[in-house]
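Secondary and tertiary structure notes
Given next are the chains, with one letter for each unit.
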Amino acid sequence: MHSIEDTAAFSRQIQRMFTAIAPRYDFLNRLLSVGQDRSWRKRAINRLALEPGERILDIATGTGDMALEIASRNLSVQISGIDFSRRMLDLGREKIKENGYDHDVSFQIGSAECLPFADDSFHGAVCAFGIRNFADVKLGLREFHRILKPGGRAVILEFSKPTNRVLKSVYNWYFDLVLPKVGSLISGHNDAYSYLPESVADFPDQAEFVSWIKDAGFQKVSFKELTFGIVSIHYGYKGI
Ligand SMILES: C[S@@+](CC[C@H](N)C(=O)[O-])C[C@H]1O[C@@H](n2cnc3c(N)ncnc32)[C@H](O)[C@@H]1O
């Protein structure tokens, strides 16, 4: 992304895409990940090491699955979720209400690269499968750091690329051929599930992404691969 116009146009395109696929988003997540997405989110929340009464921000919350997972731990944690797709948030609100967590979770519309929160506001920030879609990932990371209190933690769950040679070819076949076809058929959107493997391919590998997280000001930065490196959990700590 080079100019402000390019950045804004890219964000609008992503926002439109998620708004279009929103009604089928959860179903496709479960189907295309063979149910793994839930356990990936659980493990990301475990990494956050929640403490009772904390204030947590779920960035690019979408239909709120990370927020829901946090709320289900019953730790009296106050959760805010932010996303720039109103339709995704509306679906998230319904789910939160159905599960009886509407007193613990609140959603608002907004951009991850310009978070509408004061400096040092949250004990933790999470972002699952969101950051890869930001028009300016480095700016997003600086925002994550800014809104965290000193001692706050950020946990980022994102697709990565498996390194094992055998697994890589199966993964490429599935990700590049099967997933776009099934995704397009079920979501009714031609490009969204071709964009997914493309955006994963364009995203930095774990080592480079770790350096971006450090550059944003985080300390104790680490990552852990799950399911042979198909996804990774990245961690950063805001120094006191
Ligand atoms: C793949 S979904 C992930 C949703 C959810 N976190 C989950 O785990 O299922 C990506 C979400 O990021 C949102 N998003 C992408 N870029 C964003 C940005 N720059 N600001 C706010 N939301 C963004 C999209 O609207 C979409 O809801």
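None of these values were measured; they are calculated from a predicted model.

**A closer look at the site of the ligand**
- Around the ligand sit 20 residues in total, of which Tyr-25, Ala-60, Asp-83, Glu-113 and Ala-128 are the nearest.
- At 2.8 Å, a backbone N or O of Ala-60 approaches a nitrogen atom of the ligand.
- Note that a nitrogen atom of the ligand is positioned 2.9 Å from one of the backbone N or O atoms of Ala-128.
- When the ligand sits alone it has 600 Å² of accessible area, and the protein chains cover 98% of it.
- Looking at the shell around the ligand, the element that brings in the most residues is helix 1 (residues 4-32), giving four residues.
- Among the residues forming the shell around the ligand, the class breakdown is ten nonpolar, seven polar and three charged.

**Details of the packing of helix 1 against helix 4 (residues 86-98)**
- The N-to-C vectors of helix 1 and helix 4 enclose an angle of 25 degrees; their axes lie 8 Å apart at closest approach. By the criterion of interaxial angle, the relationship of helix 1 to helix 4 is roughly parallel. Across the interface between the two elements, Phe-18, Thr-19, Ala-20, Ala-22, Pro-23, Tyr-25 and Asp-26 of helix 1 pack against Arg-87, Met-88, Leu-91 and Lys-95 of helix 4.
- Of the residues assigned to the contact of helix 1 with helix 4, the class counts are seven nonpolar, one polar and three charged.

**Digging into the nonpolar core**
- Counting 49 residues, the largest nonpolar core has Trp-40, Ile-70, Val-105, Leu-157, Phe-159, Tyr-193 and Val-231 as the members making the most contacts within it.
- Among the elements that make up this core, the one with the highest residue count is helix 1 (nine residues).
- Here Val-231 is in contact with Trp-40, Phe-129, Leu-157, Glu-158, Phe-159, Ser-160, Lys-224, Glu-225 and Leu-226, once residues within four sequence places are set aside.
- In this structure, Leu-115, Ala-125, Phe-144 and Ile-213 belong to the second largest nonpolar core, which totals 26 residues.

**Thoughts on the packing of aromatic side chains**
- This model, assessed by the stated rule, comprises ten aromatic pairs.
- Residues Phe-129 and Phe-159 carry aromatic rings whose centres are separated by 4.9 Å and whose planes lie at 40 degrees to one another, so their mutual orientation is tilted. Here the residue Phe-129 occupies a position in the loop between strand 4 (122-128) and helix 5 (137-147), and Phe-159 occupies one in strand 5 (residues 148-159), the gap between them amounting to 30 residues.
- Taking the centre distance of 6.2 Å and the plane angle of 80 degrees together, the rings of Phe-134 and Phe-144 count as edge-to-face. Of this pair, Phe-134 sits in the loop between strand 4 and helix 5 while Phe-144 sits in helix 5, placing them ten residues apart in sequence.
- Taking relative accessible area as the criterion, Phe-134 reaches 9% and is therefore assigned buried.
- The class of Phe-144 is buried, set by a relative accessible area of 1%.

**Some details on the state of the cysteines**
- Inspection of every chain in the model, using the stated rule, returns zero disulfides.
- Cys-114 forms no disulfide, and the closest cysteine sulfur to it belongs to Cys-127, at a distance of 16 Å.

Cut-offs applied
Residues numbered from 1 in each chain as written. Predicted model: local features only at pLDDT ≥ 70, side-chain atom pairs only at ≥ 80, totals over all residues. Heavy atoms only, no water. Near = heavy atom within 4 Å. Polar contact = N/O pair within 3.5 Å; in protein donor to acceptor, adjacent residues only side chain to side chain. Areas by Shrake-Rupley, 256 points an atom, 1.4 Å probe, with all protein chains shown as cover. Helix = DSSP H or I, 4+ residues; strand = E, 2+ residues; numbered from the N terminus. Nonpolar A, V, L, I, M, F, W, Y, C, P; charged D, E, K, R; others polar. Axes fitted to C-alpha atoms, helices over the stretch in contact; angles between N-to-C directions. Parallel < 35°, antiparallel > 145°, perpendicular 65-115°, else oblique. Contact = heavy atoms within 4.5 Å. Core = buried A, V, L, I, M, F, W, Y, C linked by side-chain atoms within 4.5 Å. Buried < 20%, exposed > 50% of the residue type's maximum accessible area, 1.4 Å probe, protein only. Phe/Tyr/Trp six-rings, centres within 6.5 Å; stacked < 30°, edge-to-face > 60°. Disulfide = S-S within 2.5 Å.

None of this, on its own, says anything about what the molecule does.
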